[in-house]
Amino acid sequence: MSAGPTTHGHGRPRAAETWMSEAALRITDLRKSFAGRNEKVAALAGVSLEVREGELFTLLGPSGCGKTTTLRCVAGFEQPTSGSISFRGEDFTTVPPFRRNIGMVFQSYALFPHLTIHENVAYGLRVRRVPQTEVAKKVRSILKLVGLEGAGHRKPGELSGGQQQRVAVARALVNDPPLILADEPTGNLDSLSGAQMMHLLA
């Protein structure tokens, strides 16, 4: 693409707090190319944006314009060809994903099919070596919050697409991350459920 995806942000009034004058997330001239058959394909061609603390920020654009690639670079799942990404003053450009403490809701859910819903949501907590009693409490609480109370013993394949999306949202929220990235998090939800999920993510 010749330019980055269209961006739109909204949150608290900028004058409400002096600490909001500085960007929490800053992306500068982000570029990403993939190897094609005969030439490199530019997925991102100079994306720059800033997101402040407490701000809900939306990327808008047609399919293939680079929205997902931008999110994956911020999360650390794609390494930029050039440019920089910083969060709260720390350079995140080359930091591995597990050290970024970023919650991400994938467009494809990316649930572990062999694990139960409880185990999927608990995965990040266990990686961080959170005590088992606290893990159980947090998972139960977040599953109730997304409307899946009592479904922890089931496998992803036993759930509908909308329910799987709720699990993906729960997994992103359970670690209480300072930054949450969501790639079309309401795509398989009805309007009411989608509004509820956006409220949780915001």
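See the structure printed just above.
Residues numbered from 1 in each chain as written. Predicted model: local features only at pLDDT ≥ 70, side-chain atom pairs only at ≥ 80, totals over all residues. Heavy atoms only, no water.

Student: I keep staring at the pattern of salt bridges and nothing clicks. Help me out?
Tutor: Opposite charge on two side chains permits pairing when their charged atoms draw close. The final tally for this structure, using the stated rule, is 5 salt bridges. Across the pair Glu50 and Arg26 runs a salt bridge, and its minimum N-O distance is 3.0 Å. Highlighted residues: Glu50 in strand 3 (residues 40-52) and Arg26 in strand 2 (residues 23-35), separated in sequence by 24 residues. Given a relative accessible area of 37%, Glu50 falls into the partly exposed group. The exposure class of Arg26 is partly exposed, given its relative accessible area of 29%. Between Lys32 and Glu78 there is a salt bridge, with its nearest N and O atoms 3.9 Å apart. In this pair, Lys32 sits in strand 2 while Glu78 sits in the loop between helix 1 (67-75) and strand 5 (82-87), placing the two residues 46 residues apart along the sequence. The two residues Lys32 and Glu78 agree in class, both being buried. (Salt bridge = Lys/Arg side-chain N within 4 Å of Asp/Glu carboxyl O. Helix = DSSP H or I, 4+ residues; strand = E, 2+ residues; numbered from the N terminus. Buried < 20%, exposed > 50% of the residue type's maximum accessible area, 1.4 Å probe, protein only.)

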